[in-house]
Amino acid sequence: MNQKRKPRRVSLRRIAATVVLGLCSSFTVAMSATTPASAETVLFFDDFNGTSIDTTKWVPGLHQWGGANNGVVPENLSVRTVDDNGTNISVLRAQANGNQYTGSIRGVKSTDASYPIGDPARYTRQSTGQLTGGLVWTKNRFGAGRYEVRMKNLPQPGGCSCIWNYYEPGGSDYTEIDIEMPANGTASRSDWSRWAGLNSYTGPDDAHATYQNVDLGFNNNDGNFHTYRWDWYDGTNGAKRIEYYVDGVLRATQTATIPVSAAQLWVGNWPASWSGNFNYATQYQYIDWVKISTLGGGGSDTQAPTAPTGLTSTGRTSTSIDLAWNASTDNVGVTGYDVYQGSTKLTSVTGTTATVSGLTPNTAYTLTVRAHDAANNTSAASNAVTVTTDASGGGTNKVVNGDFEGATLSPWNCVGTTAKIAGQGVGGSAAVRLTPTQSTTARCQQTVSGLTPGQTYTLKGQLHGDGSNYIYLGQTVNGVTTERGGNLASYTAVTVPSFTAPASGTVTIYVSAWRQQTGATFADNVTLS
């Protein structure tokens, strides 16, 4: 993963001297990192409700960094009117041009670093506009507080939709906080659009950084606007931490690498080499509004989240029920959900799906979900859903050699570097080891037949990503593939959403470690019942 991050971090170090020293001489620091914050005072807001970019607030981006691309250019930026679910809104449109672009826009290469970033004299115009993006950065620097951007991401791979603040004047002073879609290092995955990279830095190297690649469980490129936010506490406005939210739902909290210096905010897209293929002509990112406000250290939050909606059952077995629902919203942020049967809490989760386990076969359960925030304010209950667990006797495992204790991996059909490894499974048993490379995916799959059409089945297993590599358990049913997993530091039980067996009674299951990562991953105790 580090190999993919390095191009962007190197590029930001190059930005430092000229953006901060070359441009910032005319900047006004809106809020220093040592200024106490009053509660939610808006410091900056722009909804692009005009005919052009407000250059009293923004610098239209002109720069090139990060290796094999042609940079970001102002010609890829414009203010437009677009439809947002039946309402016309003004947006900043940031254009991204791929390998098939043939238009008149021309990219740049940074060829003379003696000039400040954004100065045309620094760059040499190229003969093509391919592999270019568009972004803006604020003219002023802002300190700790709440940073919010409502935007619609690029719809295709090949281009990073990103928000970050950045400041590096030299010495030990360094500020960077990122939200990147797709997450740095996961863009080549088949489910790239679900991932967000949530990163913070107090220095330009790994020793001073926290990286979290988070599977949001929904597609960032679903054609809808989403609100991305971080709450930055630097010690003067609360205990040091950064909380990351998507659509009001808390997705990560970081406490290890919390910067303190005010920084400029950057918003837009750039042609990061790790962001997927560029097999398109042009695509667009739409930025609805940007807001920066303070966060007070005092006061108390007494407002409860809204009730979850749309609670449904997505699967069941004789002893478990899978649930999904629509996210709640909150004035500060939702931190989790609790699943109830009546007044009894059965389980708690941070996302919008849950599996309730340990249930009795052939029994009806009426379930609801409540949301809560960091102040322990609890929402009203969601709609109720009643689900009857399957009768016992349907739990026979349909996977052959799912514990990998056979003499070989048969009947698993494996590609890439795979092997049965003794002593590496759960409790010292055998397991399958999948070792991907930068260019090769390691995968074992098995065709399972003899399922009862119309019967509900659930695929489960235990996965181990070794703390730095990603491994997934998945199924393909009637051409639809679903998988679960991630970067798992130790053996973790993984459950794939249940499915109804097709008329053929045949499905394909697999364990897979995708290419563009190195190191061993393991799977054990795969069951389908």
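What you are looking at is a predicted structure, and each value in this text was computed from that prediction instead of being measured.

Rules and cut-offs
Residues numbered from 1 in each chain as written. Predicted model: local features only at pLDDT ≥ 70, side-chain atom pairs only at ≥ 80, totals over all residues. Heavy atoms only, no water. Salt bridge = Lys/Arg side-chain N within 4 Å of Asp/Glu carboxyl O. Helix = DSSP H or I, 4+ residues; strand = E, 2+ residues; numbered from the N terminus. Buried < 20%, exposed > 50% of the residue type's maximum accessible area, 1.4 Å probe, protein only. Pairing = 2+ DSSP bridges. Axes fitted to C-alpha atoms, helices over the stretch in contact; angles between N-to-C directions.

(A) Spatial organisation of the pattern of salt bridges. Within the structure shown, the criterion is met by eight salt bridges. For Arg 146, the salt bridge is made with Asp 231, and the minimal N-O distance between the two is 2.9 Å. Taken together, the residues span a long stretch of sequence, with Arg 146 in strand β8 (residues 146-152) and Asp 231 in strand β13 (residues 226-233) at a distance of 85 residues. A relative accessible area of 6% means that Arg 146 is categorised as buried. A salt bridge links Asp 215 to Arg 194; the nearest nitrogen and oxygen atoms lie 2.4 Å apart. A residue pair is termed long-range when its members are at least 10 positions apart, and Asp 215 in strand β12 (residues 209-215) and Arg 194 in the loop between β10 (173-181) and β11 (195-201) qualify at 21 residues. A residue is classified by how much of its surface remains accessible, and Asp 215, at 26% relative accessible area, is partly exposed. It is possible to trace a salt-bridge network through shared partners that takes in Asp 84, Arg 150 and Asp 288.

(B) Inspection of unusual backbone geometry at higher detail. With an omega of 0°, the peptide bond between Met 181 and Pro 182 qualifies as cis. For Pro 182, the location among the structural elements is in the loop between β10 and β11. That bond from Ser 410 to Pro 411 is cis: its omega, 10°, falls within 30 degrees of zero. By the secondary structure assignment, Pro 411 is in the loop between β24 (385-388) and β25 (413-415). For Phe 48, which is not glycine, the phi dihedral falls at a positive 55°. Positive phi outside glycine occurs at Gln 516, with the angle close to 65°. Among the structural elements, Gln 516 can be located in the loop between β33 (507-513) and β34 (521-528). On the basis of relative accessible area, Gln 516 is assigned to the partly exposed category, the value being 25%.

(C) Spotlight on the sheet that holds β34. Pairing is antiparallel across the open sheet formed by five strands, whose spatial order is β26-β27-β34-β29-β32. In this open sheet, the two edge strands, each paired with only one partner strand, are β26 (417-421) and β32 (492-500). Sheet twist, expressed as the mean angle between neighbouring strand axes with direction ignored, is 30°. The pairing of β26 with strand β27 (residues 431-435) spans five bridges and is classified as antiparallel.

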